[in-house]
Amino acid sequence: MLGAAIQILPKSLAARPWVRQSKIDAACDASPDATLTTAERQELIALSRELRQAKQERDMLAKATAWFAHKSEADTPSTR
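Predicted model, so just to flag it, every value in this text is computed and none were measured.

A. Up close: the overall build of the protein. Summing up its helical and strand segments, the protein has two helices and zero strands in all. Counting the 80 residues in the protein, one finds 4% classified as buried. Split by element, the accessible area of the protein, about 7,600 Å² in all, is 62% carbon and sulfur.

In structure tokens, the structure reads:
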């Protein structure tokens, strides 16, 4: 009997985070200190990914703009 309890105990401890998250999802507490629900966490991950991509695209466009500006200045003959 004790052997079975020892085998079950670690498995029940492993399920605690899932149970806690399930309670959070069910409660939908709107307080600012509330933990994110699973849907909110997924949305946050997706938005973070989109923001990272937008920043990379912005930086790439800024570098391309600077390169083309420098190139056009070098190709323009001096009027002096």
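Now that the structure has been shown, the text picks up again.
B. A look at the packing of aromatic side chains. Counted under the stated rule, the structure contains one aromatic pair. When the ring of Trp67 is compared with that of Phe68, the centres are 4.8 Å apart and the planes differ by 80°; the resulting orientation is edge-to-face.

C. Layout of the pattern of salt bridges. Here the structure, examined in full by the defined rule, presents one salt bridge. A salt bridge links Arg58 to Asp59; the shortest N-O distance between them is 3.1 Å.

D. Spatial organisation of the side chain of Thr37. When you line up the elements, Thr37 lands in the loop between α1 (2-27) and α2 (38-75). Since its relative accessible area comes to 12%, Thr37 is described here as buried. If sequence neighbours within four positions are ignored, Thr37 has contacts with Gln21, Ile24 and Asp25.

Rules used in this analysis
- Residues numbered from 1 in each chain as written.
- Predicted model: local features only at pLDDT ≥ 70, side-chain atom pairs only at ≥ 80, totals over all residues.
- Heavy atoms only, no water.
- Helix = DSSP H or I, 4+ residues; strand = E, 2+ residues; numbered from the N terminus.
- Buried < 20%, exposed > 50% of the residue type's maximum accessible area, 1.4 Å probe, protein only.
- Areas by Shrake-Rupley, 256 points an atom, 1.4 Å probe, with all protein chains shown as cover.
- Phe/Tyr/Trp six-rings, centres within 6.5 Å; stacked < 30°, edge-to-face > 60°.
- Salt bridge = Lys/Arg side-chain N within 4 Å of Asp/Glu carboxyl O.
- Contact = heavy atoms within 4.5 Å.

Purely geometric stuff here, so don't read any function into it on its own.
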